[in-house]
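Architecture and fold: a report
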Amino acid sequence: VTNLANAKIPESVRALATDGNKLRFALVEMAAGIKDTILLGRGDPDLPTPQHIMEAAQRTIIDGKTSPTPVAGLPELREHIAAKFRRDNGLDFIQPENVIVTTGGQEGLFLIMQTILNPGDEVICPDPRYTVYDDAIQHARGVVVEFPTDHDDAFNMRPERIEAVITPRTKAILVVTPSNPTSGIVTEDRLRAIAEIAQRHNLIVISDEIYERFTYDGWKHFSIGSFPGMAERTITLNGFSKAYAMTGWRVGYVAAPKNVIDAMIKVKAITSGPAATISQVASVAALTGPDVVADFLRIYTERRALVTAALTDMGLSYSDSRGAFFAWTNSSSTGIHAMELAYLLLQEGKILIFPGNAFGPNWGGYLRVSFLQDTELLREAMVRMRPIIERYRSA
Amino acid sequence: VTGSPQPLDKLALPLANRVAGLPDAQEIGGNVPPLSEGVIEAAFDAMKRGETHYTDRPGILPLRQAAADRIKKQSSVEISPKDITITCDATEARFIAIKILAERDSVVFVPGDWTPVMGAVVLADSTIVAEVSVPDAVSVAYVTPDDDETILRDVLPTLPKAWIVWDVSSAKNQTSFHPAQIVPASRVVTIDGLASELPGWRIGWMAGSEVAERLRSLKQNMTICATSVAQWAAVELLNEMHKESR
């Protein structure tokens, strides 16, 4: 790929090329100023929050039951989350006291790192990844240690690569399955091998499972904390944002041994206090109401087929998207750096797509295309995208 | 894979050293004031409009504007909405301000009640002092309307490196004083929130200073945005309060 040669890219954006978080926000803000842009950037489901969830929030407002909950979360919600972990994830030993409700999954990550990392402690992370992990680790004065994942391996995690980067300062392994941005999953055999490594080296596993409900083509999600010997060393992160189209409600949750949860409660009391009460009540309704996630999955499956067919038609290859709702698309055949291409797609095609280098500097030959628009808009986005890809490829 | 599962309450993972110095969580509790019909309607309307997704990173513009209006009315200090970030209660704003502005191993000057910031100062690897002996060592002055204004007027201008965090969120006293009246506004972060009026809705804000973008960046990394429906309810509440006071 070229080295960001396009002079049209504003210097303010170009300067952010190695800072994934800032780059994503710069593009989102730029897109906000371009009328009729089709947003395939942010991982924010376009589907509405289901009605029964909103009605639960409305009832609690009318009843005036909006006083702050305990910092750890609404007791009823903690109970339902613990039951969910036991029922859906095989985490048989999770009780409400092993759960903290957070203000979104991202806060869970921040709290985990503040709670377990001393300065200089290393966390082994897959490359590419959502770069907010890096910030959370660095705010705790920890150190990110990367290991590569590959397109040819559908961005599955290779246990031997994890073991190769373990040092005396290694404190934890970050497992993200399904993955943002690659949509890869970590298969059961690999997870078992990672579990064995964690036990042999006495490491903590932080398992981010926020996309667990969305897997395709028969691929299954497994929770590493459910394997023998892992309950005591696994911190599992999840949330309501992605599964229930509830990004604006800001509710996530973490399950872990009690001493970790107790410490996280202390940190959370300082950093933000309890999550909003109406959001927690809405989350109870999400867990106890009709299974809307199965309907969402059907919709995303249809969209995934549409997008991947269009990408194939454009001559772009993509990683096997086994989970989540992204097509991690190899754009290197265009000969243009992904940031440049994302800029051109936004300016010329009015499509917001995040470039791969927003998820790590090694990924300038990839785009993350989300499925989070209805099929009509997705189809239109693909129509707008095609001539731009073809024009620059032939150039 | 080896090992036999045990109940998780019997298990313990090694924790960061910083956790040992933290106070126990203080629960908030308290009575909830009745909501006006307008606030309830604003929340319901937001849901109907589908405002249940991430908001803009700084928070919705009408709420930032309402916060700017409130600051101006309190102290005649003008802060642009573009330099205001909506947070999850003033708690989050307070933590972020201390975490970003207090330099490691430096001193945070707190002339009054230090309990609201004790934990944040621990997490920022700094130390609280109630009196200033070495002005150069102070990286942050955390001050509120409950502090003695004479002391603030005497001391704040003598702190050459200090950022001023002006927290009005839980002050018992009202004052028209604002630190930006005596030190450069670029060094002052104003914190406020709606913990009294909308306690469980978790809406606050941090406003102003030349580091507004850095503060916003940490907020985004922590919690992305405040609850969207709550932001719309807060706009209505602040507008109603503004009308009543005119």
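Residues numbered from 1 in each chain as written. Chains lettered and ligands numbered in written order. Predicted model: local features only at pLDDT ≥ 70, side-chain atom pairs only at ≥ 80, totals over all residues. Heavy atoms only, no water.

**A look at the sheet that holds strand 8 (residues 252–255) of chain A**
Residue and element names in this part refer to chain A. Rule in force here: Strand pairing is assigned whenever DSSP identifies at least 2 bridges connecting the two strands. Helix and strand labels come from DSSP, where a helix needs a run of H or I of at least four residues and a strand needs a run of E of at least two; each type is numbered from the N terminus. Helix axes use the C-alpha atoms of the stretch in contact, all axes being lines fitted to C-alpha atoms, and the angles between their N-to-C directions lie in the range 0 to 180 degrees. Residues count as neighbours in contact if any of their non-hydrogen atoms are within 4.5 Å of one another.
Pairing within the open sheet is mixed, and its seven strands lie in the order 2-8-7-6-5-3-4. Across the chains shown, the open sheet's two edge strands, defined by having one partner strand only, are strand 2 (99–102) and strand 4 (143–148). Averaged over all pairs of adjacent strands, the angle between their axes in this sheet comes to 25°, without regard to strand direction. As judged from the three bridges shared by strand 3 (residues 122–127) and strand 5 (residues 170–176), these two strands associate in the parallel manner. Note on strand 5: the bridge partner recorded for Glu122 is Thr170. Helix 5 (residues 105–116) rests against strand 2, strand 5, strand 6 (204–208), strand 7 (234–239) and strand 8 of the sheet, and its axis sits at about 160° to strand 7.

**A word on the packing of aromatic side chains**
Rules: To pair, rings of Phe, Tyr and Trp, with the six-membered ring standing in for Trp, must have centres within 6.5 Å; the planes then decide the type, stacked if under 30 degrees apart, edge-to-face if over 60, and tilted in the middle. Each residue is placed in one exposure class: buried if its accessible area under a 1.4 Å probe, protein chains only, is under 20% of its type's maximum, exposed if it is over 50%, and partly exposed if it falls in between. Working rule: Lys NZ or Arg CZ, within 6 Å of ring centre, within 35 degrees of ring normal, means a charge sits over the ring.
Per the stated rule, a full pass over the model turns up 20 aromatic pairs over all chains. A ring pair is formed by Tyr211 of chain A and Phe326 of chain A, whose centres lie 5.8 Å apart and whose planes are at 75°; its orientation type is edge-to-face. Separated by 115 residues along the polypeptide, Tyr211 of chain A in the loop between strand 6 and strand 7 and Phe326 of chain A in strand 10 (residues 326–330) bring together distant segments of the chain. Across the pair, Phe326 of chain A and Tyr211 of chain A agree in class, each one buried. Ring pairing ties together the aromatic residues Phe155, Trp328, Phe354, Phe359, Trp363 and Tyr366 of chain A, which thus form one cluster. The ring of Trp219 of chain A has Arg322 of chain A sitting right over it, with the charged end atom 3.8 Å from the ring centre. It is Arg187 of chain B that lies over the ring of Trp163 of chain B; its NZ or CZ is 3.9 Å from the centre.

**Things to note about the environment of Val134 of chain B**
Residue and element names in this part refer to chain B. Structurally, the position occupied by Val134 is in the loop between strand 3 (127–129) and strand 4 (138–143). Classification of Val134 by relative accessible area gives partly exposed; the value is 49%. Along the sequence, Val134 and Val107 sit 27 residues apart, while their C-alpha atoms lie 9.3 Å from each other.

**Thoughts on the confidence of the model for chain B**
The criterion, for reference: Each residue carries a pLDDT value, the predictor's own confidence for that position, ranging from 0 to 100.
A residue-level look at chain B finds 95% of positions with pLDDT of 70 or above and a mean pLDDT of 93. Among the prediction metrics, the complex's ipTM stands at 0.95, with pTM recorded as 0.95.

**Considering the nonpolar core**
In globular proteins that are soluble, nonpolar side chains generally tend to be buried together. Here is the rule: By nonpolar core we mean a set of buried residues, namely Ala, Val, Leu, Ile, Met, Phe, Trp, Tyr and Cys, connected to one another through side-chain atoms within 4.5 Å.
Counting 98 residues, the largest nonpolar core has Phe240, Tyr244, Met382 and Met385 of chain A as its most contacted members. Here this core gets eight residues from one element, more than from any other, and that element is helix 11 (residues 292–313) of chain A. Sequence-distant contacts of Phe240 of chain A, defined by excluding residues within four places in its chain, comprise Leu77, Ile81, Ala245, Met246, Val251, Tyr253, Ser283, Ala286 and Leu287 of chain A. Core analysis: the second largest hydrophobic core is formed by 86 residues, Ala72 of chain A together with Leu13, Val117 and Met222 of chain B among them.

**Observations regarding the interface of chain A and chain B**
Going by this rule: When two parts are put together, the accessible area they lose, computed with a 1.4 Å probe and summed over both, is reported as buried area. In what follows, salt bridge is the name for a side-chain nitrogen of Lys or Arg lying within 4 Å of a carboxyl oxygen of Asp or Glu.
On the side of chain B, 64 residues touch chain A, which itself brings 84 residues to the contact. Summed over both sides, the interface of chain A with chain B buries roughly 6,100 Å², with 62% coming from carbon and sulfur. Together, Ile61, Lys266 and Ile270 of chain A form the three largest contributors to the area buried by chain A at its contact with chain B, with a combined 10%. Taken together, the connections running from chain A to chain B amount to three salt bridges.

**Looking at the pairing of strand 2 of chain A**
Both faces of the sheet carry side chains from a regular strand, because those side chains alternate between them. Residue and element names in this part refer to chain A. With burial as the criterion, each face of strand 2 is covered, one bearing Val99 and Val101 and the other bearing Ile100 and Thr102. Here strand 2 pairs with strand 8 via four bridges, running antiparallel. Considered in strand 8, the bridge of Val99 is made with Ala255.

**Quick word on the sheet that holds strand 5 (residues 163–167) of chain B**
Residues and elements named next belong to chain B. With respect to topology, seven strands assemble into an open sheet ordered 1-7-6-5-4-2-3, the strand pairing being mixed. Edge strands, defined here as strands with exactly one partner in the open sheet, are strand 1 (84–87) and strand 3. Ignoring strand direction, the axes of neighbouring strands in this sheet form an average angle of 25°. Note: strand 5 against strand 6 (residues 188–193), four bridges, orientation parallel. By the bridge assignment for strand 6, Ile164 is matched with Val188. Most of the contacts of helix 2 (residues 61–75) go to strand 1, to which it runs at about 110°, and overall it touches strand 1, strand 6 and strand 7 (204–207). Together, strand 1, strand 4, strand 5, strand 6 and strand 7 form the strand contacts of helix 3 (residues 89–101), whose direction differs from that of strand 6 by roughly 160°.

**Quick look at the environment of Ala358 of chain A**
Counting through the fold element by element, Ala358 of chain A comes out in the loop between strand 12 (354–355) and strand 13 (366–370). Along the primary structure Ala358 of chain A and Gly41 of chain A are separated by 317 residues, whereas in three dimensions their C-alpha atoms are 11 Å apart.

**What about the packing of helix 5 of chain A against helix 6 (residues 132–139) of chain A?**
Residue and element names in this part refer to chain A. Defined as follows: Here a crossing is taken to be left-handed if its near helix is turned anticlockwise relative to the far helix by less than a right angle, and right-handed if that turn runs clockwise. Under the scheme applied here, ten amino acids are nonpolar (Ala, Val, Leu, Ile, Met, Phe, Trp, Tyr, Cys and Pro), four are charged (Asp, Glu, Lys and Arg), and all others, including Gly, are polar.
At a minimum axis separation of 8 Å, helix 5 and helix 6 run at an interaxial angle of 30°. Pair helix 5 / helix 6 crosses with right-handed handedness. Contact residues: Gln106, Leu109, Phe110, Met113 and Gln114 in helix 5; Val132, Tyr133, Ala136, Ile137 and His139 in helix 6. In terms of residue class, the contact of helix 5 with helix 6 is made up of seven nonpolar, three polar and no charged.

**Overview of the pattern of salt bridges**
Residue and element names in this part refer to chain A. Inspection of the entire model under this criterion finds 39 salt bridges over all chains. With a closest N to O distance of 2.9 Å, Arg161 and Asp150 form a salt bridge. Of this pair, Arg161 sits in helix 7 (residues 159–164) while Asp150 sits in the loop between strand 4 and helix 7, and the two are 11 residues apart along the sequence. Accessibility expressed as a relative area gives 24% for Arg161, which makes it partly exposed. Residue Asp313 is joined to Arg386 by a salt bridge in which the shortest nitrogen-to-oxygen separation is 2.5 Å. Here Asp313 is found in helix 11, whereas its partner Arg386 is found in helix 13 (residues 375–394), with 73 residues between them in sequence.

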